[in-house]
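What the coordinates show
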Amino acid sequence: MCGIIGFTGSSPAVPILLDGLEHLEYRGYDSAGVAVISPEKGLQIQKRKGRLSALREKLDGLPPLEGTTGVGHTRWATHGEPNDVNSHPHVSQNGRVAIVHNGIIENYAEIKEFLLHRGVRFRSDTDSEVVAQLLDYYFTDGSDPLDAVYRVLEKLEGAYALGILCADRPDMLIAARKDAPLLLGYGQGENFIASDATAIIARTRTVAYMEDGEVAVLTPRGIDVYDEYRRPVEKQRHTIDWDVSAAEKGGYAHFMFKEIMEQPEALRHTVSPRLRDGEVAFDELSLTEEKLRSFRRIFIVACGSSYHVGMLGKYSLERFLRLPVEVCLASEFRYSSPLVDERSLVIVISQSGETLDSMAALREAKALGGYILSIVNVVGSSIARESDDVLYTWAGPEIAVATTKAYSTQLVLLTMFGLWMARALGRAGGPEYAAVTAELGLLPEKLETVLAGTDVYQYLASLYFNRDCVFFIGRNLDYALGLEGSLKLKEISYIHSESYAAGELKHGTISLIEPGTLVVALATYGPLIDKAVSNIVEVKARGAEVVALTTESQRERMEKLADHVMVIPDTHPALQPNLGVVPLQLFAYYIALQRGCDIDKPKNLAKSVTVE
Ligand code: AGP
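Per chain, residue numbering runs from 1 following the sequence as it is written. Local features are withheld for residues below a pLDDT of 70 in this predicted model, meaning they are given only at 70 or higher, and side-chain atom pairs are given and counted only at 80 or more; totals for whole chains, interfaces and linings count all residues. Hydrogen atoms and water are omitted, and side-chain values are computed over all heavy atoms in the structure.

Remarks on the overall build of the chain
- Within the chain, the regular secondary structure consists of 19 helices and 27 strands.
- Here the radius of gyration uses the C-alpha set of atoms, whereas the globule reference equals 2.2 Å times the residue count to the power 0.38. Radius of gyration (C-alpha) of the chain: 26 Å, near the 25 Å computed for a compact globule of 612 residues.
- If you line up the chain on its principal axes, its C-alpha atoms span 80 × 55 × 45 Å.
- Residue burial is assigned from relative accessible area. The probe radius is 1.4 Å, only protein chains are included, and a residue is buried under 20% of its type maximum, exposed over 50%, and partly exposed in between. Within the chain, buried positions represent 60% of all 612 residues.
- Contacts are assigned to residue pairs that have any heavy atoms within 4.5 Å of one another. Summarising the internal contacts of the chain: among those between residues at least 6 apart in sequence, 72% fall at separations of at least 24.
- Total accessible area on the chain stands at roughly 22,900 Å², and carbon and sulfur atoms take up 49% of it. Numbered from the N terminus, helices here are DSSP runs of H or I no shorter than four residues, and strands are runs of E no shorter than two. Methods summary: accessible areas were calculated by the Shrake-Rupley approach with a probe of 1.4 Å, and residue burial reflects only the protein chains presented.

Put into structure tokens, the structure is as follows:
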């Protein structure tokens with residue numbers, strides 16, 4: 001979704017803004033723009049539809065924009081098509097204010113109406129422009145711009161992260177936040193705002209996360225923060241401890257491929273510190289045994305791939321804990337009168353920790369009395385901060401829109417949580433607990449063996465890259481894993497695909513199977529292998545071409561049945577999807593590569609979905 005960077009200091013702002021925007025590109029966008037102020041030239045704005053390179057090209061052909069204070073923005077269109085005019089920054093009619101905005105102003109039509117009646121002329125079709133125009137409307141020359149900002153914020157409904165420039169204050173930048181991420185960066189004689197730390201890490205590692213309702217005034221000399229009642233706030237500062245190179249491609253063609261390859265290391269970071277003498281240990285959790293005993297039901301709430309992790313987690317958690325687990329799409333949860341109460345554990349899973357649907361579901365669950373445990377990758381993100389307890393995945397920054405290492409680490413962490421809780425409640429039987437925990441430690445090495453042989457996925461991609469439709473089928477854990485395999489394929493290669501519980505095929509979908517239809521049959525779940533075989537036979541009988549994903553112990557059997565096989569090492573059934581997902585990621589990656597798709601930034605998608 002939209003990315004914001006703001007800078008105030010003594011260096012020219014434009015190169016810093018463009019560099020920051022480049023690091024925000026991964027969030028997904030369709031236009032980009034910058035605005036800077038200088039005492040001589042006032043506000044200068046340039047923006048352009050398309051990639052950042054188009055904006056750079058435009059700027060290269062113009063005299064340099066002067067100013068050491070400015071804002072930059074990458075826009076992911078919601079209101080108004082992606083074009084130059086609808087791009088941010090938006091400037092007010094009288095040229096006194098420029099703003100960048102992430103989020104949606106829900107009552108923009110009403111505000112626009114109000115301003116139109118007072119003679120204000122609008123240029124764009126966006127909801128965001130009303131913020132610039134209303135600010136200008138409330139501005140009185142010479143007064144404190146914060147007065148106008150607070151008056152405007154009072155009127156806004158919806159979500160916003162805002163960066164505001166005032167033409168007559170060339171060394172000042174104002175920021176405001178409600179339900180959209182924004183952080184402050186503290187540098188040496190320069191200060192920043194950004195949607196996330198990747199945009200500013202090259203210049204500072206000291207950040208503070210803005211809370212809802214807060215307003216910040218930045219100058220090169222410092223940052224003053226105020227709460228919604230305009231009382232000064234002392235912000236806690238954090239140090240970003242990951243390296244800049246973690247957010248760079250490091251010689252790989254795509255972030256997605258790099259992140260696939262990073263999975264063994266990411267799993268080590270997630271698992272090793274939490275595995276001691278064969279026991280899962282979560283020192284970071286404050287959940288007591290008494291609290292754990294009080295839970296009667298578990299809800300897992302998430303979106304997209306994080307939801308797929310929840311689908312897999314349901315099988316493991318119910319098995320380990322003998323408690324009912326409901327997996328809910330966050331976007332549906334808050335509108336479904338969820339049966340959450342004080343005896344509910346609500347697990348929110350999110351890589352970014354900023355997904356608005358998941359955030360809203362979290363708040364709904366909290367209001368109903370649920371205990372919120374989140375599984376999050378981005379440290380200090382909104383979901384992490386609003387949860388009662390957090391388990392960080394420690395996967396490092398994930399830049400590609402299609403999640404890989406975050407998914408893998410979420411999955412292992414959720415399984416570990418199930419084991420830990422079962423142990424705490426005395427429900428984890430000795431042999432099975434020992435078997436799973438022993439295999440946990442071996443996962444990274446086994447993953448390395450999967451990643452060592454990418455040729456097979458490249459070859460399969462060369463055979464199937466021009467298909468229009470692919471079916472994924474599987475049972476139990478393989479079914480939930482197929483959902484992720486299917487999503488990976490469609491989001492980056494734009495091939496239509498569907499994932500079905502294999503037993504459901506005969507209740508309708510099998511009518512779509514005809515000679516040549518590609519079916520990816522997941523057959524890694526040991527206890528149901530015979531059933532998987534029957535389903536493969538069924539689709540083969542109707543002419544399907546079958547690529548089977550299976551384990552080393554089933555290789556021979558599958559080679560006789562399927563047209564091609566993808567093979568992973570055997571592990572405990574509860575952990576098998578952790579290995580199984582990797583061939584599916586690679587299969588999707590190489591297909592997208594063959595089709596010439598923009599793998600890291602698929603069309604219409606955003607990394608961090610901060611609108612509802
Ligand atoms: C997965 O590849 C997608 N990019 C998407 O489904 C993602 O998992 C979803 O938007 C949830 O994001 P989150 O984990 O950051 O909350």
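Section: unusual backbone geometry
- Between His88 and the following residue, Pro89, the backbone shows a cis peptide bond with an omega angle of 0°.
- Its place among the elements puts Pro89 in the loop between β4 (69-75) and β5 (90-91).
- Phi is positive for Tyr494, close to 65°, though the residue is something other than glycine.
- For Tyr494, the location among the structural elements is in the loop between α16 (477-493) and β24 (496-501).

Overview of the sheet that holds strand β22 (residues 389-392)
- Here, a strand pair is defined by DSSP locating no fewer than two bridges between the strands. One open sheet accounts for 5 strands, arranged β19-β18-β20-β21-β22; its pairing is parallel. Because the sheet does not close on itself, it has two edges, and the strands there are β19 (325-329) and β22. Taken over all neighbouring pairs, the strand axes of this sheet differ in orientation by 20° on average, direction set aside.
- Strand direction decides the pairing type here: strand β18 (residues 297-302) and strand β20 (residues 344-350), joined by 5 bridges, are parallel. By the bridge assignment, Ile300 is partnered in β20 with Ile347.
- Packed onto the sheet, helix α9 (residues 304-321) meets β18, β19 and β20 and runs at close to 175° relative to β19. Simply put, an axis is a line fit to the C-alpha atoms, just over the touching stretch for a helix, and the angle between two N-to-C directions goes from 0 to 180 degrees.

Some details on the packing of helix α7 (residues 263-271) against helix α13 (residues 405-424)
- In the contact formed by α7 and α13, the axes pass within 9 Å of each other and the chain directions differ by 30°. One way to sum up the angle between α7 and α13 is to call them roughly parallel. Helix-helix and strand crossings are classified by hand; for α7 and α13 the assignment is right-handed. On α13, the residues touching Gln263, Ala266, Leu267, Thr270 and Val271 of α7 are Lys405, Ser408, Thr409, Val412, Leu413 and Met416.
- Split by residue class, the contact of α7 with α13 holds 6 nonpolar, 4 polar and 1 charged. By the definition adopted for this analysis, an angle is roughly parallel if under 35 degrees, roughly antiparallel if over 145, roughly perpendicular if from 65 to 115, and oblique otherwise. In this scheme the crossing of two helices becomes right-handed for a clockwise turn of the near helix relative to the far one and left-handed for an anticlockwise turn of less than a right angle. Lys, Arg, Asp and Glu make up the charged group, whereas Ala, Val, Leu, Ile, Met, Phe, Trp, Tyr, Cys and Pro make up the nonpolar group; the residues left over, Gly among them, are polar.

Here's the deal with the site of the ligand
- Around the ligand there are 14 residues in total, and Ser306, Ser350, Gln351, Thr355 and Glu491 lie nearest to it.
- Polar contact is the term for a pair of N or O atoms within 3.5 Å; when the atoms are in protein, one must be able to donate a hydrogen and the other to accept it, and sequence-neighboring residues count only if both atoms are side-chain atoms. Here an oxygen atom of the ligand sits 2.5 Å away from a polar atom, N or O, in the side chain of Thr355.
- In this structure, Lys488 approaches the ligand through a side-chain N or O atom, which is 3.1 Å from an oxygen atom.
- Protein contacts shield 90% of the accessible area of the ligand, which totals 410 Å² for the unbound molecule.
- In the cavity and pocket records, a cavity denotes points on a 1 Å grid over the protein atoms alone where a 1.4 Å probe fits but cannot get out, a pocket denotes an open set with protein on both sides within 12 Å along at least 5 of 7 lines, and lining residues are residues with an atom within 4 Å of a point. Molecule-in-pocket calls rest on the fraction of atoms, with more than half required to lie within 2 Å of the cavity or pocket grid points. When atom positions are compared with the pocket grids, the ligand is found to occupy the second largest pocket.
- Of all elements in the fold, only α9 and α16 reach the threshold of two or more residues within the shell around the ligand.
- Its residues placed into classes, the shell around the ligand shows 4 nonpolar, 8 polar and 2 charged.
- Residue-level mapping places the shell around the ligand at the junction of two domains, with at least three residues from each of domain 2 (249-451) and domain 3 (454-594). One heavy atom within 4 Å of a molecule or strand is enough for the residue carrying it to be called near that molecule or strand. Each domain's limits were defined by an automated method or a database of domain assignments.

Focus on the domain arrangement of the chain
- One can read the domain layout of the chain as domain 1 (3-246), domain 2 (249-451) and domain 3 (454-594).
- When each unit is reduced to the centre of its C-alpha atoms, the spacing between domain 2 and domain 3 is 25 Å.
- The term buried area means the drop in 1.4 Å probe accessible area that two parts suffer when joined, counted for both and summed. Summing both partners gives a buried area of about 2,800 Å² for domain 2 against domain 3, and 70% of it is carried by carbon and sulfur.
- Any carboxyl oxygen of Asp or Glu that lies within 4 Å of a side-chain nitrogen of Lys or Arg is treated as forming a salt bridge with it. On inspection of domain 2 and its partner domain 3, the count reaches 0 salt bridges.
- At the boundary of domain 2 and domain 3, one finds 11 residue pairs in polar contact (both at pLDDT 80 or more).
- Looking at the side of domain 2 that touches domain 3, the elements that each hand over two or more residues are α6 (255-261), α7, α9, α13 and α14 (430-452).
- Considering each element in turn, the side of domain 2 that touches domain 3 owes the most residues, 11 residues, to α14.
- Its residues assigned to classes, the side of domain 2 that touches domain 3 shows 22 nonpolar, 11 polar and 4 charged.

Structural notes on the packing of helix α1 (residues 13-24) against helix α2 (residues 52-60)
- Their axes nearest at 11 Å, the elements α1 and α2 cross at an angle of 165°. Considered as vectors, α1 and α2 are oriented roughly antiparallel to each other. Crossing of α1 over α2 shows left-handed handedness. Of the residues in α2, those touching α1 at Val14, Leu18, Asp19, Leu21 and Glu22 are Leu52, Leu55, Arg56 and Leu59.
- Classifying every residue of the contact of α1 with α2 gives 6 nonpolar, no polar and 3 charged.

Observations regarding the environment of Leu156
- Residue position: Leu156 is located in the loop between α5 (145-155) and β7 (160-166).
- Put simply, Leu156 and Val131 are 25 residues apart on the chain and 8.3 Å apart in space, counted from C-alpha to C-alpha.
- Apart from residues no more than four positions distant in its own chain, Leu156 is found in contact with Ile105, Asn107, Ile111, Val131 and Leu162.

What to know about the pairing of strand β26 (residues 545-551)
- The element β26 is largely enclosed, with a buried count of 6 among its 7 residues.
- Pairing analysis gives 6 bridges linking strand β25 (residues 518-523) to β26, with the strands arranged parallel. Looking at β26, one finds that Leu518 is bridged to Glu545.
- The definition of a right-handed crossover adopted here requires that, viewed with the strands pointing away, the path from the first strand over the helix to the second runs clockwise. Running through helix α17 (residues 529-541), the crossover from β25 to the neighbouring parallel element β26 is right-handed.
- With respect to chirality, the unit in which β26 leads through helix α18 (residues 555-561) into the neighbouring parallel strand β27 (residues 564-568) is right-handed.

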